[in-house]
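Below are the chains, spelled out letter by letter.
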Amino acid sequence: MSSYRQQTHSSTRDSVLIAHASDMLSRTSMSKEDFAEALSKALYSMAPEKAKAKDVPDLESLTQTADHQTYARLAGSWLKRVQRWLAADTVEFPSWIEEAWVQSLLPEWRERCLIELASRYGLLAVRAVGIDGVCAMTAFSGLVGHFGDAAGAGGQILADGRIDHIDAPHLPGFALSCRALAAHAVAMAEKAEKVSAEIA
């Protein structure tokens, strides 16, 4: 489990998306070029007609069909668009790329982003075990990891036996750790119930 402390990002949904992507890019070896390629791939996987209509280059397909110069030109143009979205203050972030943007994040940042987006509606970011590469071991590992995060933060917050204004700096991260823990617990419970029903 990473030592990164989960924090909420105020304001709008696009600020959440941009903040998680920017944090990922600053903390990992993933480059903006890599992220732009992943975003193109996700858009063509999730909404190919929309991607085509919005002039998103199908970079994965172009590696098979285009010459190096054409690929470099289209990839460079696409990278500039993605960089403008990451900059946040130059152009408006388009809502139609949200799901693909989240999918393009590395797993650790994808989970954090989903948790924060879901919590804005009072929901849990439960991902069904067996769907989208989430295996039982991964879900259980997340459950244990987030239990440790929540227990550590909770122990610090409740050291005086209460939650009050003194704990304010720690509360957003604690709340998100609890939501992550709950989401993994629900996913494991649903998987256990599903298998039990199949056996019965």
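Residues numbered from 1 in each chain as written. Predicted model: local features only at pLDDT ≥ 70, side-chain atom pairs only at ≥ 80, totals over all residues. Heavy atoms only, no water.

1. Some points on the packing of helix α7 (residues 107-119) against helix α9 (residues 171-199)
Step number 1: The contact between α7 and α9 brings their axes to 10 Å, and the two run at 100°. Between α7 and α9, the crossing angle belongs to the class labelled roughly perpendicular. Residues Glu-111, Ile-115, Glu-116 and Ser-119 of α7 form the contact with α9, whose own contacting residues are Leu-176, Arg-179, Ala-180 and His-184.
Step number 2: Among the residues forming the contact of α7 with α9, the class breakdown is three nonpolar, two polar and three charged. (Axes fitted to C-alpha atoms, helices over the stretch in contact; angles between N-to-C directions. Helix = DSSP H or I, 4+ residues; strand = E, 2+ residues; numbered from the N terminus. Parallel < 35°, antiparallel > 145°, perpendicular 65-115°, else oblique. Contact = heavy atoms within 4.5 Å. Nonpolar A, V, L, I, M, F, W, Y, C, P; charged D, E, K, R; others polar.)

2. Observations regarding a nonpolar patch on the surface
Step number 1: Residues Met-137, Phe-140 and Val-144 make up a contiguous nonpolar surface patch of about 310 Å² in total accessible area.
Step number 2: If you trace the backbone, Met-137 turns up in helix α8 (residues 136-157).
Step number 3: For Met-137, a relative accessible area of 58% puts it in the exposed group. (Patch = residues over 30% accessible without salt bridge, like charges linked within 9 Å, V, L, I, M, F, W, Y side chains within 5 Å. Areas by Shrake-Rupley, 256 points an atom, 1.4 Å probe, with all protein chains shown as cover. Salt bridge = Lys/Arg side-chain N within 4 Å of Asp/Glu carboxyl O. Buried < 20%, exposed > 50% of the residue type's maximum accessible area, 1.4 Å probe, protein only.)

3. Structural notes on the packing of helix α2 (residues 32-46) against helix α5 (residues 68-87)
Step number 1: α5 packs onto α2 with a crossing angle of 95° between their chain directions and a minimal axis gap of 9 Å. Comparing their axes, α5 and α2 come out roughly perpendicular. Of the residues in α5, those in contact with Lys-32, Glu-33, Phe-35, Ala-36, Glu-37, Leu-39, Ser-40 and Leu-43 of α2 are Tyr-71, Trp-78, Leu-79, Val-82, Gln-83, Trp-85 and Leu-86.
Step number 2: Considered class by class, the residues forming the contact of α2 with α5 number ten nonpolar, two polar and three charged.

4. Remarks on the nonpolar core
Step number 1: Membership of the largest hydrophobic core comes to 33 residues, with the highest contact counts inside it found for Phe-35, Leu-39, Leu-43, Trp-78, Val-82, Trp-85 and Trp-101.
Step number 2: Those elements giving two or more residues to this core turn out to be α1 (13-27), α2, α4 (59-65), α5, α6 (98-104) and α7.
Step number 3: If one sorts the elements of this core by residue count, α5 sits on top with seven residues.
Step number 4: Once residues within four sequence positions are removed from consideration, Leu-43 is found in contact with Pro-48, Ala-51, Val-56, Trp-78, Trp-96, Ile-97 and Ala-100. (Core = buried A, V, L, I, M, F, W, Y, C linked by side-chain atoms within 4.5 Å.)

5. Focus on the pattern of salt bridges
Pairing is possible between side chains of opposite charge, provided their charged atoms come close.
Step number 1: Counted according to the given criterion, the structure contains five salt bridges.
Step number 2: A salt bridge links Lys-41 to Glu-60; the nearest nitrogen and oxygen atoms lie 3.6 Å apart. Of this pair, Lys-41 sits in helix α2 while Glu-60 sits in helix α4; the two residues are 19 residues apart in sequence, bridging distant segments of the chain.
Step number 3: Taking relative accessible area as the criterion, Glu-60 reaches 47% and is therefore assigned partly exposed.

6. Brief notes about the side chain of Ser-40
Step number 1: Along the polypeptide, Ser-40 turns up in helix α2.
Step number 2: Excluding residues that lie within four positions of it along the chain, Ser-40 makes contacts with Val-56, Pro-57, Asp-58, Leu-59 and Trp-78.

7. Looking at the side chain of Glu-98
Step number 1: Examined against the element boundaries, Glu-98 turns out to sit in helix α6.
Step number 2: For Glu-98, a relative accessible area of 19% translates into the label buried.
Step number 3: Here Glu-98 is in contact with Arg-13, Leu-17 and Leu-117, once residues within four sequence places are set aside.

In short, geometric facts, not functional conclusions.
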